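Each chain, written out:
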Amino acid sequence: MTLSLTTLTFAELTARLNSQAVSSVDVTNAFLETIRRDDTSIHAFLHLDAEEALRQAEVVDRKRASGEPLGLLAGIPVAIKDAICTLGQPTTCGSRMLEKFVPPYDAGVITKLRQADAVLIGKTNMDEFAMGSSGENSAYGPTRNPWDLTRIPGGSSSGSAAAVAARMALLSLGSDTGGSIRQPAGLCGIVGLKPTYGRVSRYGLIAYASSLDQIGPFATDVAGASLLLEAISGHDPRDSTSVQQAVPQYSKTFDQPLAGLRIGVPIEHFAEGLDAEVERSVREALAVYRSLGAEIKDVHLPHSKYAIATYYLVATSEASSNLARYDGVHYGHRAEQFGNSLVEMYEASRAEGFGAEVKRRIMLGVFSLSAGYADKYYAKALQVRRLIRQDFDTAFEQVDVIAGPVTPTPAFKMGEKTSDPLAMYLSDIYTISANLAGLPGVSIPCGLSSQQLPIGLQLLAPPFEEERMLRAARMFERETDWNLRRPERR
Ligand code: GLN
């Protein structure tokens, strides 16, 4: 009986909690039981503190029983990507470098989740420092896709996506620098949303590429994503890039359809390399919108062919600078054995603490920023970034949202791309531009391949139009049942 609690929708579960038909302790126990049963094979979690989660659940149950006002996510278990700092709980960022790091403070989003009365159920696995598209770059071993354990769940928020897909948490938080929320959401058959840059505080998010990083929600449906987004959004004086703008009440508006919706379909996102089954599902989704009265038209994003190259200059440049702090003194692992000098200590500590992909990124970034090359690479990338943003500005003069595939193929096999970084980088081809342009994007389930693997639809909107994007996403969800499909036995 308790296990079936984990398969309810967001609305069903909150209704049962609100009417006190079930307690948050029951709900938390049900998810913990599922984790104990299934996470040995999936490996979505890096750190669990069942006692602490149940303590938080009890507090909410007591508040509810005594009629105290409750937050937006009262009693709901939420899993947290291990890149987000949690007071007193390990936060490794998927790296040996931070194996022993226990933050002395909560990230801005964690403070907000506590204020919303959520239950923090555990920290999730991820590609080291959020660098990756498959979850295989975690220093603690890969996460597996709950739909097919021989396949990757996507990355870098691999554990957060797999945890929700396998109903080991109702909601989770990830971070998205080039697609790390939308891509694994698409490959795991759930909803994943990257907010507009500046919508959500990055305070306490371990930095990868600061001008691109954004924290966002995973959920099994648009309702859950809307509430979690509302709970974490808003200005934070500790993150100067978080904007001073009122947060719309997504929880109240997401279910309102949009009349006369104009959907732009970028022809560049339907080019070479797109799997035929993915294309078919996405085109069927567009037909559903058409049947709801939406107008579908082609748009052009002519500079999107430069997106991957631009991203791998901007992201690696920022990463090389952000990761300079891991020197074995300020932060992170310190080698036990090194020569005699400080520099040798740095070298040995960084050589031991970082994995191969992180080292590759640091080297690329240092090169693109170095004297004599910065104008050619980093500065050039910034110019192209501007052109990519302008493409979107032009497209959004004609349409309200842009729709297309999230990923070129369904989830690939574990190990299939680990020896070919370029092939791995290409799996973010449709998601990366939104980060370069700072736009919000969401992935929603829109089909299953012949091998029963999830396929996602990506919707993009102009900056700070998450409300419109969620309403458009919900229009599709209401007409179909893709978001109710679950991997077998879960
Ligand atoms: N796969 C991309 C990368 O490795 C994006 C990762 C992310 O969004 N954090 O950089």
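No experiment lies behind these values; they were computed from the predicted model shown.

1. Concerning empty space enclosed by the protein
- Under the definition given, this model contains four cavities of 30 Å³ or more.
- There is about 70 Å³ of room inside the largest cavity.
- Around the largest cavity, the lining comprises 13 residues; the ones closest to its centre are Gly132, Ser180, Tyr311, Tyr312 and Asp428.
- When the residues that make up the lining of the largest cavity are grouped by side-chain class, the tally is five nonpolar, six polar and two charged.

2. Describing the layout of surface pockets
- Of the pockets and cavities examined, the largest pocket occupies roughly 360 Å³.
- Along its surface, the largest pocket is lined by 15 residues, and Glu272, Gly273, Leu426, Ile429 and Tyr430 are the ones closest to its centre.
- A per-class count over the lining of the largest pocket returns six nonpolar, five polar and four charged.
- If you add up the space inside the second largest pocket, you get close to 220 Å³.
- If you trace the second largest pocket, you find 16 residues lining it, with Tyr105, Leu205, Ile206, Ala207 and Arg325 closest to the centre.
- Grouping the constituent residues of the lining of the second largest pocket by class yields 10 nonpolar, one polar and five charged.

3. Observations regarding the site of the ligand
- Around the ligand, the surrounding shell holds 15 residues, and the nearest of these are Gly178, Ser180, Tyr208, Tyr311 and Asp428.
- In this structure, tyrosine 208 approaches the ligand through a side-chain N or O atom, which is 2.6 Å from an oxygen atom.
- The protein chains hide 100% of the 300 Å² of surface that the ligand would expose on its own.
- Mapping the ligand onto the cavity grids shows that it belongs to the largest cavity.
- Broken down by class, the residue content of the shell around the ligand amounts to five nonpolar, seven polar and three charged.

4. Observations regarding the nonpolar core
- Judged by nonpolar contacts, the single largest core of 134 residues is most densely connected at Leu73, Leu113, Phe129, Tyr289, Ile444 and Leu459.
- With eight residues, the single largest contributor to this core is helix H7 (residues 222–232).
- Ignoring any residue separated from it by four or fewer positions in sequence, one finds phenylalanine 129 in contact with Cys93, Ser95, Met97, Leu98, Ile206, Tyr208, Leu323, Tyr326, Phe354 and Val358.
- Counting 11 residues, the second largest nonpolar core, distinct from the first, contains Trp147, Cys188, Ile190 and Leu448.

5. Quick look at the sheet that holds strand E7 (residues 262–266)
- Strand order across the open sheet formed by 11 strands is E1-E3-E2-E4-E6-E5-E10-E11-E9-E7-E8, with mixed pairing between neighbours. The open sheet has two free edges, formed respectively by strand E1 (45–48) and strand E8 (295–299), since each of these has just one partner strand. Strand-to-strand twist in this sheet, taken as the mean axis angle between neighbours without regard to direction, amounts to 30 degrees.
- The pairing of E1 with strand E3 (residues 119–124) spans three bridges and is classified as antiparallel. Bridge pairing links phenylalanine 45 to threonine 124 in E3.
- Across the sheet, helix H2 (residues 24–42) lies against E1, strand E2 (77–81) and E3, angled at about 20 degrees from E3, the strand it touches most.

The rules behind each value
- Residues numbered from 1 in each chain as written.
- Predicted model: local features only at pLDDT ≥ 70, side-chain atom pairs only at ≥ 80, totals over all residues.
- Heavy atoms only, no water.
- 1 Å grid on protein atoms, 1.4 Å probe; cavity = no way out; pocket = protein on both sides within 12 Å on 5 of 7 lines; lining within 4 Å.
- Points joined across faces, edges and corners; volume = space filled by probe spheres on them.
- Nonpolar A, V, L, I, M, F, W, Y, C, P; charged D, E, K, R; others polar.
- Near = heavy atom within 4 Å.
- Polar contact = N/O pair within 3.5 Å; in protein donor to acceptor, adjacent residues only side chain to side chain.
- Areas by Shrake-Rupley, 256 points an atom, 1.4 Å probe, with all protein chains shown as cover.
- Sits in = over half its atoms within 2 Å of the grid points.
- Core = buried A, V, L, I, M, F, W, Y, C linked by side-chain atoms within 4.5 Å.
- Buried < 20%, exposed > 50% of the residue type's maximum accessible area, 1.4 Å probe, protein only.
- Helix = DSSP H or I, 4+ residues; strand = E, 2+ residues; numbered from the N terminus.
- Contact = heavy atoms within 4.5 Å.
- Pairing = 2+ DSSP bridges.
- Axes fitted to C-alpha atoms, helices over the stretch in contact; angles between N-to-C directions.

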